Amino acid sequence: MVLVFFVVALADCGGAMKNFKMIPAVLNSVKTYVIESVPDRVVVSGVEQYCSALIAMGRARLTVNSYVGALARYLDFVVEYVICSLLLGKVAGEMKYEDVVHVFFESLTVGCNSDDEIVRMVCVRLNRRLVKRRTVNVYRSALKFAFEVSDKFVQSANPKMILLGQGGNKPGIGFPYKSYMTFTRSNSQRIYQTSFLAGCISGGIKASYVNLLPKYYRGSARHYIGELRLDFHKLLEILPEIKNVRDRCLLALLAAGGERISEALQTLTIDIDSDASSVLAIDPSNRPSLYYEMGLSVSQVTSLRWKGRKNNSVFLIPPFDKIFWDSYAELLVSDKYPVFDAGRRWVTHKFVFRVLKGKTRGQPLALASEGVVRKMFKRLLKKYNIINVSPHDIRHCYVTFLIHEVPVGDGRGLGVEVASDLVSHVKLESTLVYDHLDRSTAHADIEDGYKKIGYHPEMLKP
């Protein structure tokens, strides 16, 4: 029998799963999850192999967890879809294996607005919300890989796990399956030996069915580009006022180089050359041995994030570059800069930004949870009456400043193409997402232009 694979929740979907839950586990030294049935607490077969395959491919821990989550949501949908089909008295023989995949994607993008009453009922029972287009692509990638991997593993002819009720009168997890469908002999054997769900997923959706996954959902997401929530003039005003030298150094680096927060936090002292005034952003997957030599565990190394850059060089712009270099020099000699951890052991890693106090004193700030970093950032800016701003908003400021405002000769702005290269985007379309037009500045420029050509409001009066 082909192993069956399943999934956990993406936060974007909303609603708790009814039939399964995610349980923390450590596989191949990486912190991830396995899936248990509810309420029987039977571990779903195949999830460990699925995670191991993803880890072996070098996928980041967050990616592995997202894929497992996507797969669990798919499992939960399939179980509820079968239940709702029976509750509504639908003829199960009309249900094809590949149709389950299609209606699952329909539930993600249409939800309770679907013309299919079974899908509507499932979405209500699971409290499903619509997801963004890029999230749909995560589901597609997760399922595609699961179907490909599932064909490569074979279980014994008499599996111990019961997923969704056996044939005959034997009870199973969830509800007893009544065979209303017409199957081939091999499919019938698979169903009665294991479950309807096993037959529906591992029996029908093999790697050969991967191309049946809806392709019309593929493509880049449409982004809404609103007003900037933080501008460079405000940043320039508050940066010198920040007393915590570590936080001032971090914010100055973000403002001067436009890095993602993950890139900035993962900066090592060897990535910074003060004499050459250069900073590098390096993909963590290109130097794992270096992290191990610093004393990081496998789980910690795999948790380091990297989205991708066109090149490693960080383009620093004035006047923020001077604030960064001054703050960096001050940070290295500060008596508050931890060279010993909470246990009074020497810090062996080379991460620039470190936890300053508490039980995790001296550890890389990059290994702290994203929520901790965001709270620290918001708490810092709240002192200056700046709210609802995230570290990524500084990157938006940086790109917008390069495109429209940075002084260049007699004019302002470098344009999208040059800014895209300097921010190290691989695609020009990515830069356009960060292109915020300051409407007040544009309006002032237009008024100045009309004044130069002799325009006056009185000219429009009758």
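Our structure's up above, just so we're on the same page.
Residues numbered from 1 in each chain as written. Predicted model: local features only at pLDDT ≥ 70, side-chain atom pairs only at ≥ 80, totals over all residues. Heavy atoms only, no water.

Enquirer: Which residues make up a nonpolar patch on the surface, and what are the values?
Expert: Taken together, the side chains of Ile446, Tyr450, Ile453 and Tyr455 make up a nonpolar region of the molecular surface, amounting to roughly 420 Å² of accessible area. Position of Ile453 among the secondary structure elements: in the segment after helix H18 (439–452). (Patch = residues over 30% accessible without salt bridge, like charges linked within 9 Å, V, L, I, M, F, W, Y side chains within 5 Å. Areas by Shrake-Rupley, 256 points an atom, 1.4 Å probe, with all protein chains shown as cover. Salt bridge = Lys/Arg side-chain N within 4 Å of Asp/Glu carboxyl O. Helix = DSSP H or I, 4+ residues; strand = E, 2+ residues; numbered from the N terminus.)

Enquirer: Which residues make up the packing of helix H9 (residues 245–257) against helix H13 (residues 320–332), and what values do they have?
Expert: Orientation of H9 relative to H13, taken along the N-to-C sense of each, is 150°, at an axis distance of 8 Å. One finds that H9 runs roughly antiparallel with respect to H13. Between H9 and H13 lies a crossing whose hand is left-handed. In this structure, H9 contributes Val245, Arg246, Arg248, Cys249, Ala252, Leu253, Ala255 and Ala256 to the contact, and H13 contributes Phe320, Asp321, Ile323, Phe324, Ser327, Tyr328, Glu330 and Leu331. Class assignment for the residues of the contact of H9 with H13 results in 11 nonpolar, one polar and four charged. (Axes fitted to C-alpha atoms, helices over the stretch in contact; angles between N-to-C directions. Parallel < 35°, antiparallel > 145°, perpendicular 65-115°, else oblique. Left-handed = near helix turned anticlockwise from the far one by under 90°. Contact = heavy atoms within 4.5 Å. Nonpolar A, V, L, I, M, F, W, Y, C, P; charged D, E, K, R; others polar.)

Enquirer: Describe the pattern of salt bridges, with residues and values.
Expert: Enumeration over the complete set of coordinates arrives at 12 salt bridges. Taking the shortest distance from any N to any O, the salt bridge between Lys18 and Glu80 comes out at 3.9 Å. Of this pair, Lys18 sits in the segment before strand S1 (20–27) while Glu80 is found in helix H2 (residues 61–87), placing the two residues 62 residues apart along the sequence. On the basis of relative accessible area, Lys18 is assigned to the partly exposed category, the value being 36%. You can call Glu80 buried: its relative accessible area is 1%. Where Arg248 meets Glu330, a salt bridge forms, and the shortest distance between an N and an O atom there is 3.1 Å. Highlighted residues: Arg248 in helix H9 and Glu330 in helix H13, separated in sequence by 82 residues. Its relative accessible area of 38% is what places Glu330 among the partly exposed residues. Beyond isolated ion pairs, a larger network of salt bridges with shared partners links Lys18, Glu80 and Arg125. (Buried < 20%, exposed > 50% of the residue type's maximum accessible area, 1.4 Å probe, protein only.)

Taken by themselves, the reported measurements are silent on function.
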